Amino acid sequence: MRSAFRELFGPRWRPSTPFPRYDLVTSLTHARFLLAPSADASLTLRAPRPGEVSLIASRQSALYAQSHGWGHKLECLIAETASRFLSGFDPTREACWVADLDQVMAGAVFLTDEGDGVARLRLLHVEPFARRRGIGDALVQQCLAFAHEKHYRRVILWTHTVLENARRLYARNGFSCVATAPHDLFGVPLQGEDWICELITPDAQTNETL
């Protein structure tokens, strides 16, 4: 990001605070990847900075409103999920990862402890400018690696039949759909799906108890 900024504006322009510079370079980075989707970029996963959990919730709400028309009711659920994560966060069992593409936020995911050896993958999203770069796979795989490290038995998630790209992403990373149920929690009729990724096979669980 710094090198791109220097190429465009040179070393002389120095704003009085870092915020105008960050906002400008973020906008330019978005534009660069939208115009050149195959342009080279560096991907890093990191912990959220102060304020970013709320920002992730805001982006999720806005993106689903734009893509599917899911509005106020979904925004309430997302805000409640983010609030519970912040208020009850256990850093020894839970995590949030932010994906940065050339140091600009490009997506995020949460993993929360559901008890009894079960973790839940939550609020996965990838920004439109950064899609088709494997970021979703990287975030899901980070969740699974963390869950393995913390000795979870399985990772679960909730998604929807209409989210075809997300469903393909989960399937290729070892998740399986185990149940479906209709609901109207977002204000429209939808088909919800429960997915599971078993980290410890039933045979291994049996052996552990012997």
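See above for the structure.
Residues numbered from 1 in each chain as written. Predicted model: local features only at pLDDT ≥ 70, side-chain atom pairs only at ≥ 80, totals over all residues. Heavy atoms only, no water.

Let's shift gears to unusual backbone geometry. One non-glycine residue, Q103, adopts positive backbone phi at about 70 degrees. Exposure remark for Q103: the relative accessible area of 40% places this residue in the partly exposed category. Its identity is not glycine, yet R132 carries a phi of approximately 65 degrees, on the positive side. Note on placement: R132 falls in the loop between β4 (118–126) and α5 (135–149). (Buried < 20%, exposed > 50% of the residue type's maximum accessible area, 1.4 Å probe, protein only. Helix = DSSP H or I, 4+ residues; strand = E, 2+ residues; numbered from the N terminus.)

Here the focus is the side chain of E193. As for its placement among the helices and strands, E193 is situated in strand β7 (residues 190–198). At 2.8 Å, the side chain of E193 and the side chain of T161 are in polar contact. Separated by 2.8 Å, the side chains of E193 and R167 make a polar contact. Beyond its immediate stretch of four places on either side in the chain, E193 contacts L157, W158, T159, H160, T161, R167, C177, A179 and T180. (Polar contact = N/O pair within 3.5 Å; in protein donor to acceptor, adjacent residues only side chain to side chain. Contact = heavy atoms within 4.5 Å.)

On the secondary structure map, E127 appears in the loop between β4 and α5. Accessibility expressed as a relative area gives 5% for E127, which makes it buried. Setting aside its immediate chain neighbours within four residues, E127 contacts R59, L63, M105, A106 and G107.

Strand order in the open sheet formed by seven strands is β1-β2-β3-β4-β5-β7-β6, with mixed pairing between adjacent strands. Strands with a single pairing partner mark the edges of an open sheet, and in this sheet they are β1 (43–46) and β6 (176–183). Looking at each pair of strands side by side, their axes are set apart by 25 degrees on average, direction ignored. One ladder, built from seven bridges, connects strand β3 (residues 104–115) with β4; its direction is antiparallel. When the sheet's bridge partners are listed, T112 is paired in β4 with R120. Packed on one face of the sheet, helix α3 (residues 52–68) meets β1, β2 (95–101), β3 and β4 and runs near 65 degrees to β4. Sheet strands touched by α5: β1, β2, β3, β4, β5 (154–160) and β7. Its angle to β3, the strand with the most contacts, is close to 30 degrees. (Pairing = 2+ DSSP bridges. Axes fitted to C-alpha atoms, helices over the stretch in contact; angles between N-to-C directions.)

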